[in-house]
Amino acid sequence: MKTIEVDEELYRYIASHTLHIGESASEILRRMLNLSPTVAASKQEAETVIPVAVTAQADRVHDVQELLDSGELVAQKKAVDRFLLILSTLYRVDRTRFAEATELLHGRTRVYFSHSQQTLLKNGKHTKPKSIPDTPYWVITNTNTERKRTMVEQIMLSMQFSAELTAAICLTI
């Protein structure tokens, strides 16, 4: 068995193509390159196994990158619609981290996210709460575009997305 070094981006790309737990990097690359599987069992070779956590992270990154590349964001005419689409995608890719990130995010006197419209209205008469599509969450929307970008940035960084992907997503709002 030979060892090669790959950068983080390439590693994530390979990991994002894992089909089952315990699949080795060699198996993934052989499948992607349409090469026949090896008979490694007779050689007792040890192969690098890509951890499930890395695979899950790569899937999350892939889904957010796909939103960025799809053109769906730029098709939205209003900043608030792009904002809601991004939030919906972040929720879909990792509900637990999204919940944790939104719990920490609030203003001095305002609550930004809630499971109910009434909670947001209670914290300000002109908050213009909107339901985040396909989620149980509501968000205030009467903030300016820069505040919306800051909210998305804080959520994405809290969810452990890269600064580069976060910045690219924020620029679309």
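Shown above is the structure to which this text applies.
Residues numbered from 1 in each chain as written. Predicted model: local features only at pLDDT ≥ 70, side-chain atom pairs only at ≥ 80, totals over all residues. Heavy atoms only, no water.

**Student:** Tell me about the overall build of the protein, residues and numbers included.
**Tutor:** When helices and strands are tallied, the protein shows nine helices and three strands. Here the protein holds 173 residues, and the buried ones make up 36% of them. Look at the contacts in the protein between residues 6 or more apart in sequence, and 56% of them connect residues 24 or more apart. Of the roughly 10800 Å² that the protein leaves accessible, carbon and sulfur atoms contribute 52%. (Helix = DSSP H or I, 4+ residues; strand = E, 2+ residues; numbered from the N terminus. Buried < 20%, exposed > 50% of the residue type's maximum accessible area, 1.4 Å probe, protein only. Contact = heavy atoms within 4.5 Å. Areas by Shrake-Rupley, 256 points an atom, 1.4 Å probe, with all protein chains shown as cover.)

**Student:** Got a sec to walk through the side chain of K148? Specific residues and values, please.
**Tutor:** Tracing the chain through its elements places K148 in helix α8 (residues 145–158). Buried charge without a salt bridge: K148, with D81 as the nearest opposite-charge side chain at an N-O distance of 9.9 Å. Dropping the residues within four chain positions of it, K148 is found in contact with V80, F83, T141, T143 and I173. (Lys, Arg positive; Asp, Glu negative; His and termini not counted. Salt bridge = Lys/Arg side-chain N within 4 Å of Asp/Glu carboxyl O.)

**Student:** An account of helix α9 (residues 163–171) is requested, with residue identities and associated values reported.
**Tutor:** Those residues of α9 that sit buried are L165, T166, I169 and C170. For α9, the angular spread of the buried residues around the axis is 135°, confining them to a single face. Those residues of α9 that are exposed and aimed more than 90 degrees away from the buried face are E164 and L171. (Arc of directions from axis to C-beta.)

**Student:** Describe the packing of α8 against α9, with residues and values.
**Tutor:** Running from amino to carboxyl end, α8 crosses α9 at an angle of 155°, the nearest separation of the two axes being 9 Å. The angle between the axes of α8 and α9 places the two elements in the roughly antiparallel class. α9 is crossed by α8, and the crossing has right-handed handedness. Taken together, the residues of α9 that come into contact with α8 (itself represented by R149, V152, E153, M156 and L157) are A163, L165, T166, I169, C170 and L171. For the contact of α8 with α9, the class distribution of residues is eight nonpolar, one polar and two charged. (Axes fitted to C-alpha atoms, helices over the stretch in contact; angles between N-to-C directions. Parallel < 35°, antiparallel > 145°, perpendicular 65-115°, else oblique. Left-handed = near helix turned anticlockwise from the far one by under 90°. Nonpolar A, V, L, I, M, F, W, Y, C, P; charged D, E, K, R; others polar.)

**Student:** Which residues make up the packing of aromatic side chains, and what are the values?
**Tutor:** Under the counting rule described, the total for this entry stands at four aromatic pairs. Taking the centre distance of 5.7 Å and the plane angle of 85° together, the rings of Y91 and F98 count as edge-to-face. F98 matches Y91 in its accessibility class, with the two residues each being buried. Ring geometry for Y91 and Y137: centres 5.9 Å apart, planes at 65°, overall edge-to-face. In this pair, Y91 sits in helix α5 (residues 79–93) while Y137 sits in the loop between β2 (130–131) and β3 (138–139), placing the two residues 46 residues apart along the sequence. Assessed through its relative accessible area of 10%, Y91 is described here as buried. By the ring-pair criterion, three or more aromatic residues cluster together here, those being Y91, F98, F113 and Y137. The positively charged end of R60 is found above the aromatic ring belonging to F161, 4.5 Å away from the centroid. The ring centre of F83 lies 5.9 Å from the NZ or CZ of K148, which sits over that ring. (Phe/Tyr/Trp six-rings, centres within 6.5 Å; stacked < 30°, edge-to-face > 60°. Lys NZ or Arg CZ within 6 Å of the ring centre and 35° of its normal.)

**Student:** Lay out the side chain of S88 in plain terms, naming residues and giving numbers.
**Tutor:** Position of S88 relative to the elements: it lies in helix α5. Note on S88: relative accessible area 11%, which makes it buried. Every residue in contact with S88, bar those within four places of it in the chain, is listed here: I132, P133, D134 and T135.

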